[in-house]
Amino acid sequence: MRRQSQAIAMDLRFSLYASEEGAVYRIYPGGAGTRPELVEYTAEERKTHRATRDALLDEWKKVDPEGYELWSVATASMEAGDDTELLAGWSAKLLTDDGVAVVDPCRYCRECRVRR
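Calculation notes
For every chain, the first residue of the written sequence is number 1, and numbering continues from 1 along that sequence. Local features in this predicted model are restricted to residues whose pLDDT is 70 or higher, and side-chain atom pairs enter the listing and the counts only when it is 80 or higher, whereas totals over whole chains, interfaces and linings include all residues. For the side-chain quantities, the full set of heavy atoms in the structure was used; hydrogens and water were omitted. Between 30 and 60 degrees the pair is tilted, below 30 it is stacked and above 60 it is edge-to-face, where a pair is any two Phe, Tyr or Trp rings, Trp via its six-membered ring, whose centres lie within 6.5 Å. Helix and strand definitions here come from DSSP, where helices need a minimum of 4 consecutive H or I residues and strands a minimum of 2 consecutive E residues; each element is numbered from the N-terminal end. Three labels apply to residues, based on accessible area from a 1.4 Å probe with only protein chains included: buried if under 20% of the type maximum, exposed if over 50%, partly exposed otherwise in between. Contact criterion: two residues are considered in contact whenever any of their non-hydrogen atoms come within 4.5 Å of each other. Think of a salt bridge as a Lys or Arg side-chain nitrogen and an Asp or Glu carboxyl oxygen that are within 4 Å of each other. By nonpolar core we mean a set of buried residues, namely Ala, Val, Leu, Ile, Met, Phe, Trp, Tyr and Cys, connected to one another through side-chain atoms within 4.5 Å. Axes here mean lines fitted to C-alpha atoms, for a helix over just the part in contact, with angles spanning 0 to 180 degrees between N-to-C directions. By definition in this entry, angles of less than 35 degrees are roughly parallel, angles greater than 145 are roughly antiparallel, angles of 65 to 115 are roughly perpendicular, and the rest are oblique. Take the far helix as the reference: if the near one is turned anticlockwise from it by less than a right angle, the crossing is left-handed, and if turned clockwise, right-handed. Polar here means any residue other than Ala, Val, Leu, Ile, Met, Phe, Trp, Tyr, Cys and Pro, which are nonpolar, and Asp, Glu, Lys and Arg, which are charged; Gly is therefore polar. Given the number of residues in a helix, its expected span is that number minus one, multiplied by 1.5 Å.

**Observations regarding the packing of aromatic side chains**
The final tally for this structure, using the stated rule, is five aromatic pairs. With a centroid separation of 6.2 Å and 45 degrees between ring planes, the pair formed by tyrosine 68 and tryptophan 71 is classed as tilted. With tyrosine 68 and tryptophan 71 both in helix 3 (residues 65–79) and three residues apart, the pair spans about one turn of that helix. For tyrosine 68, a relative accessible area of 18% gives the class buried. The rings of Phe14, Tyr25 and Tyr41 are connected pair by pair, giving a single aromatic cluster.

**Thoughts on the environment of tryptophan 60**
On the secondary structure map, tryptophan 60 appears in helix 2 (residues 43–63). Between the C-alpha atoms of tryptophan 60 and glutamine 6, which are 54 residues apart in sequence, the distance is 9.1 Å. The residues touching tryptophan 60, leaving out its near neighbours within four places in the chain, are Ser5, Ile8, Leu12, Pro65, Gly67, Tyr68, Trp71, Pro105, Tyr108 and Cys109.

**Regarding the pattern of salt bridges**
Applying the stated criterion across every chain, the model contains eight salt bridges. For the salt bridge of arginine 46 with glutamate 21, the shortest nitrogen-to-oxygen distance reads 3.2 Å. Of the two residues, arginine 46 is situated in helix 2 and glutamate 21 in the loop between helix 1 (5–18) and strand 1 (24–27); the sequence distance between them amounts to 25 residues. Judged by its relative accessible area of 9%, arginine 46 is buried.

**Focus on the nonpolar core**
In this structure, Leu12, Tyr17, Leu57, Trp60, Trp71, Val103 and Tyr108 are the most contacted members of the largest nonpolar core, which totals 20 residues. Counting residues per element, the ones that place at least two in this core are helix 1, helix 2, helix 3 and strand 4 (102–103). Of the residues forming this core, the biggest block, five residues, is contributed by helix 1.

**Some remarks on the packing of helix 1 against helix 2**
Packing of helix 1 against helix 2 leaves a shortest axis separation of 8 Å and a crossing angle of 155 degrees. Looking at the two axes, helix 1 sits roughly antiparallel to helix 2. The two elements helix 1 and helix 2 meet at a crossing, and its hand is left-handed. Touching Ser5, Ile8, Asp11, Leu12, Phe14, Ser15, Leu16 and Ala18 of helix 1 are Arg46, His49, Thr52, Arg53, Leu56, Leu57, Glu59, Trp60 and Val63, all from helix 2. In terms of residue class, the contact of helix 1 with helix 2 is made up of nine nonpolar, four polar and four charged.

**Looking at helix 3**
Between its first and last C-alpha atoms helix 3 spans 21 Å; for 15 residues at 1.5 Å apiece the expected length is 21 Å, and the two agree. Within the span of helix 3, buried status applies to Gly67, Tyr68, Trp71, Ala74, Thr75, Ser77 and Met78. At the exit of helix 3 stands glycine 81, carrying a positive phi of roughly 90 degrees.

See the structure below:
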C-alpha cells in the first residue's frame, strides 16, 4: 500500500533538517526538567539522515510529483536568496533559528494543497 503524500512529507521534514551541516538536537545532561544543551549532529549521523532523506524524496517524487516539484522550486529559490516562491501561510519555512533553513515539504504535499 502506498503512503499518502502528507505522511511522506511529514517524515521528510526531520531528515531534511538533520542531514544539514549545523543541525542540532537537545540533550538533557541533568535529567528531565533541566536546561537542555544543544549538540550538533555528527558527520556519521548526518550521513544516515541523508540516506533516509534521499529515499523519502524518491518516494515522494513517485507518489506526488507535483508537490515534489513545487517544493523543489521553493527550495532552489530560497537557497538563491529569493523567498518569493515560498507559499504564504503556516510552516512554509521552518527551523531557521539555528542557521539551518529548510523549506517545509508538508506545505507542498497533495493533501495540504487540496485543503487550501
